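Close look at the chain arrangement
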Amino acid sequence: MSAGARKDPAAVETEVREKIHLEILKRTGAYHANDHILLPSGQHTSEYIEKTLVTTEPSFTEGLGAVIAKHFAQWPVDMVLSTGPGALILSHCVARAHPSRPIVVYGAKGLSGGKRRVSLPVEFQRLTRRGAKVLLVEDLVSTGSTLNLLINLVEQLGAIVVGIGCLWRRTSVDLDNRPVFSLVSRDFPTYDPDTCPFCKKGVPLNEEFVRRRHARRPSSVQEPKEA
Ligand SMILES: [Zn+2]
């Protein structure tokens, strides 16, 4: 892009806003760039977000939640629904700042018949009337699979998804043309190890994030030994 190129003011505003939000995420230590990183898929990339660190700074999370709430302020919302610890912290901040004063509920992720699913505790189901307006909140959207499970859940309950708010979204994710607002929309290229330009240059591969994921799996949790 040349410096003199005229751009649509709305696009410029979005670009500036995204840069600010990216800086905020950098300050939490969650965002890594200019590295050579091994992903759980086995592919290599130069950028990575550590999901667990995204919501560690309450004032940042509150500020970002308020931006999402402001975006959806013109639509009445009865409840904010999320799943996962990071998304739940953010969803509280969104609900707190939304003029409808929606309630906050959360689903539990699990496996059923070998398939991933999200289920809503029965106490929350009782709070959900048919036609209720639901705002979905997610921290990071990389494949959209969790959001699609949440959308199915809302539809099963006879409620309506009014929108989806998230901190970070990979631009390529398809969510059926639903109204999605993300503070940062970004795609970073991933490479097969055979064609990775960083491997070709001999940049050392950072395997830290994949190792950490393995260490977090419940099956590898070390039980304290009995004395
Ligand atoms: Zn590589």
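Thresholds, definitions, all that
- Residues numbered from 1 in each chain as written.
- Predicted model: local features only at pLDDT ≥ 70, side-chain atom pairs only at ≥ 80, totals over all residues.
- Heavy atoms only, no water.
- Patch = residues over 30% accessible without salt bridge, like charges linked within 9 Å, V, L, I, M, F, W, Y side chains within 5 Å.
- Areas by Shrake-Rupley, 256 points an atom, 1.4 Å probe, with all protein chains shown as cover.
- Salt bridge = Lys/Arg side-chain N within 4 Å of Asp/Glu carboxyl O.
- Helix = DSSP H or I, 4+ residues; strand = E, 2+ residues; numbered from the N terminus.
- Buried < 20%, exposed > 50% of the residue type's maximum accessible area, 1.4 Å probe, protein only.
- Expected span 1.5 Å × (residues − 1).
- Pairing = 2+ DSSP bridges.
- Contact = heavy atoms within 4.5 Å.
- Disulfide = S-S within 2.5 Å.
- Donors = N, O, S within 2.8 Å, 3.2 Å for Na, K, Ca; no water.
- Tetrahedral: all angles 85-135°; square planar, octahedral: opposite > 155°, others 65-115°.

Before going further, it helps to examine a nonpolar patch on the surface. Judged by side-chain polarity, Val12, Val16 and Ile20 come together as a nonpolar surface patch covering roughly 230 Å² of accessible area. Counting through the fold element by element, Ile20 comes out in helix α1 (residues 9–27). Judged by its relative accessible area of 48%, Ile20 is partly exposed.

The next thing to look at is helix α2 (residues 58–71). For α2, spanning 14 residues, the distance from its first C-alpha to its last is 20 Å, which sits close to the expected 20 Å at 1.5 Å a residue. Of the residues making up α2, those classed as buried are Phe60, Thr61, Leu64, Gly65, Ile68 and Ala69.

Another aspect to go through is the sheet that holds strand β3 (residues 44–45). Pairing within the open sheet is antiparallel, and its three strands lie in the order β2-β3-β11. Each having just a single partner strand, β2 (37–38) and β11 (190–191) make up the two edges of the open sheet.

Because an α-helix packs 3.6 residues into every turn, residues spaced three or four apart end up facing the same way. Helix length check: helix α3 (residues 85–97), at 13 residues, gives a terminal C-alpha distance of 19 Å against a target of 18 Å (1.5 Å per residue), a fit within 8%. When we look at burial in α3, the residues that qualify are Gly86, Ala87, Leu90, Ser91, Cys93, Val94 and Ala95. Residues of α3 that are buried in the fold lie against α2, β5 (79–83), β6 (103–112), β8 (133–141) and β9 (160–169).

A word on unusual backbone geometry. The phi dihedral of Asn34 falls on the positive side, at around 55°, and the residue is not glycine. Structurally, Asn34 can be placed in the loop between β1 (31–32) and β2. For Arg101, which is not glycine, the phi torsion reads 50° and is therefore positive. Here Arg101 is to be found in the loop between α3 and β6.

Turning our eyes to something else, we now look at the state of the cysteines. Taken as a whole, this structure holds zero disulfides when the rule is applied. Left unpaired, Cys93 is separated from the closest cysteine sulfur, that of Cys166, by 15 Å. By relative accessible area, Cys166 is classed as buried at 0%.

The next subject is the coordination of the zinc ion. In this structure, His36 (NE2), His44 (ND1), Cys196 (SG) and Cys199 (SG) serve as the protein donors to the zinc ion, at separations of 2.0 to 2.3 Å. Seen from the zinc ion, its four donor atoms lie at angles of 96 to 120°, and the figure they make is tetrahedral. Expressed as a motif, the donor residue spacing for the zinc ion is H-x7-H-x151-C-x2-C. The exposure class of Cys196 is buried, given its relative accessible area of 1%.

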